[in-house]
Amino acid sequence: MLSRRHLRIKVLQSLYALQAAREADYQLAIDFITESFKPDLNSMTPQDPVKLEGMRKITTLLLEENYRKGTIPDDDDTPATAVVTARNALKYYEDLYKKDKQRLSRQLTPEVEAIYSAYLLLLQLFVELSFLSQSERERQYDDPDSNPIAKLSGFDTNQVVIALSESKKLESEFIRHGISWGEEVTGLIRKMFREVFRQDETYRAYCAQKTHTPEEDQQLVLYALKEVILKNEDVINFFELRDLYWGENGDLARKMTNKTLKSATEGSVQIVPLTDDWEEDRSFMQELFDETVNRNDEFEAIIAEPLKNWDLERLSAMDYLILKMSVSEMITFPGIPVKVSINEAIEIAKDYSTPKSGKFVNGILDTLSKNLIKEGKIRKSGRGLLDNK
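Residues numbered from 1 in each chain as written. Predicted model: local features only at pLDDT ≥ 70, side-chain atom pairs only at ≥ 80, totals over all residues. Heavy atoms only, no water.

Counting secondary structure elements, the protein chain contains 15 helices and zero strands. Relative to the globule expectation of 21 Å for 389 residues, the C-alpha radius of gyration of the protein chain, 29 Å, shows a markedly less compact shape. For the protein chain, buried positions account for 46% of its 389 residues. Taking all contacts inside the protein chain whose residues are at least 6 apart in sequence as the whole, residues at least 24 apart take part in 76%. Of the roughly 21,200 Å² of accessible surface on the protein chain, 50% is carried by carbon and sulfur atoms. (Helix = DSSP H or I, 4+ residues; strand = E, 2+ residues; numbered from the N terminus. Rg over C-alpha atoms; globule rule 2.2 N^0.38 Å. Buried < 20%, exposed > 50% of the residue type's maximum accessible area, 1.4 Å probe, protein only. Contact = heavy atoms within 4.5 Å. Areas by Shrake-Rupley, 256 points an atom, 1.4 Å probe, with all protein chains shown as cover.)

Under the criterion given, the structure shown has 16 aromatic pairs. Ring plane angle 90° and centroid distance 5.4 Å describe the contact between Y67 and Y93, whose orientation is recorded as edge-to-face. A residue pair is termed long-range when its members are at least 10 positions apart, and Y67 in the loop between α2 (49-66) and α3 (80-138) and Y93 in helix α3 qualify at 26 residues. Of the two residues, Y67 and Y93, neither departs from the other in class, the shared state being buried. Seen from their ring centres, Y116 and Y119 are 5.5 Å apart, and the 50° between their planes marks the pair as tilted. Linking Y116 with Y119, this pair stays in helix α3, spanning three residues, or about one helical turn. Relative accessible area serves as the criterion here: at 9%, Y116 is assigned to the buried category. Looking at Y119, the relative accessible area reads 0%, which means it is buried. Taken together, F126, F155, F193, F197 and Y203 form an aromatic cluster joined through their ring pairs. Seen from the ring of F284, R4 lies directly overhead, with NZ or CZ sitting 4.2 Å from the centre. (Phe/Tyr/Trp six-rings, centres within 6.5 Å; stacked < 30°, edge-to-face > 60°. Lys NZ or Arg CZ within 6 Å of the ring centre and 35° of its normal.)

You can see K255 is positioned in helix α10 (residues 246-263). For the pair K255 and Y119, spaced 136 residues apart in sequence, the C-alpha to C-alpha distance is 8.8 Å.

Now for the pattern of salt bridges. A full pass over the atoms with the stated rule returns 27 salt bridges. R4 is paired through a salt bridge with D281; the nearest N and O atoms lie 2.7 Å apart. Taken together, the residues R4 in helix α1 (residues 4-36) and D281 in helix α11 (residues 278-294) connect sequence positions 277 residues apart. Given the relative accessible area of 25%, R4 is considered partly exposed. (Salt bridge = Lys/Arg side-chain N within 4 Å of Asp/Glu carboxyl O.)

A few words on the packing of α1 against α2. How two helices pack is summed up by the angle between their axes together with the distance between the axes. α2 packs onto α1 with a crossing angle of 155° between their chain directions and a minimal axis gap of 9 Å. In terms of axis orientation, α1 runs roughly antiparallel to α2. The two elements α1 and α2 meet at a crossing, and its hand is right-handed. Packed against α1, whose contacting residues are Y26, A29, I30, I33 and T34, the element α2 presents R56, T59, T60, L63 and E64 at the interface. Its residues placed into classes, the contact of α1 with α2 shows five nonpolar, three polar and two charged. (Axes fitted to C-alpha atoms, helices over the stretch in contact; angles between N-to-C directions. Parallel < 35°, antiparallel > 145°, perpendicular 65-115°, else oblique. Left-handed = near helix turned anticlockwise from the far one by under 90°. Nonpolar A, V, L, I, M, F, W, Y, C, P; charged D, E, K, R; others polar.)

This brings us to helix α9 (residues 233-242). Listed as buried for α9 are V235, F238 and F239. For α9, the arc enclosing every buried residue in end-on projection is 85°, short of the 170-degree limit, so these residues lie on one face. Of the exposed residues in α9, the ones pointing more than 90 degrees away from its buried face are E233 and L241. For α9, the side-chain oxygen to backbone nitrogen distance between the N-cap and D234 is 3.0 Å, and the N-cap itself is N232. (Arc of directions from axis to C-beta. Polar contact = N/O pair within 3.5 Å; in protein donor to acceptor, adjacent residues only side chain to side chain.)

In this section: the nonpolar core. F126, F155, F197 and V327 are the most contacted members of the largest nonpolar core, which totals 98 residues. At 17 residues, α3 tops the list of elements feeding residues into this core. Look past the residues within four positions of F197 in its chain and what remains in contact with it is L129, F155, M192, Y203, R204, A224, V228 and I229. (Core = buried A, V, L, I, M, F, W, Y, C linked by side-chain atoms within 4.5 Å.)

It is worth stressing that arrangement in space is one thing and function is another; only the former is reported here.
This is the structure in structure tokens:
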């Protein structure tokens, strides 16, 4: 089940992606200027490469000095062509950046909900394996190479898998979320069953027994998930194509699946929610991203003061984003205590930035929070007052 920290990390990842997109958008605007001052080989008018290069440099400098301000000023000393081209390049950059902001904002919720879809897909995979196991046993006596004694049981006789297959609640979740491996990838499951599970010693030993204890049934499915399914190259490729952050999100999906598999041995299937209150958490995540992005200049100005003695060129880009996101959280959410926001930032910095980032982020945010409280920019209420004394 996802925690608020996971949601903050997702926001941070999206902010990082937006920063990369912004840099790319700016480079495209520079390329726009370069293209604008290339010699026109089809022109009947003589071209002056030296003059064009000079105009390119002037226009590029205009954009570089003013693009963050959002306007290109009039200047009697600057050629009109350079001003017009710089404004066109700025408009081009702003349009690209606006689209990237909207795209990443729209993707935020679906990308997190994809973890829940992956969890349901993993559960459904066991149902698919059950069908294959049953089909194999039904035709085993027609296969001269089969060993009936070694096929006394399988996924279809496993009580955990049976509970998954018979759960109306789980079936309803599959339908509601449109969960299906689909015809195009069922071959992946068949291949894994025939080429991996059939050769796996643990699964073969399980199949050789006629009866099993509830503990043995549970041990098999947990083993199958961790040691076979989530280590299968085809399965990994399938999920990586669906989720850019599968390396991290896959572990969350596995933990959710584990919890359901363990519950199924008790005669019922516990469906693990994405969070305790997804609507509230989704709103938190979306607002944190949108506020951090839309008030970027304001938050950069706030953190500029304690960073004035730091060489910003050497400052970790991730640390800078964590600072902005944390300031955004402290100001935007009155119900979240300041210490909670700072502690979360410290832990995220330790995991996603440099070894010294936790201590650095702690020092900067501690100073900032005290100043912002005095200035009345941080105003807490309810639970947010608990650690804000």
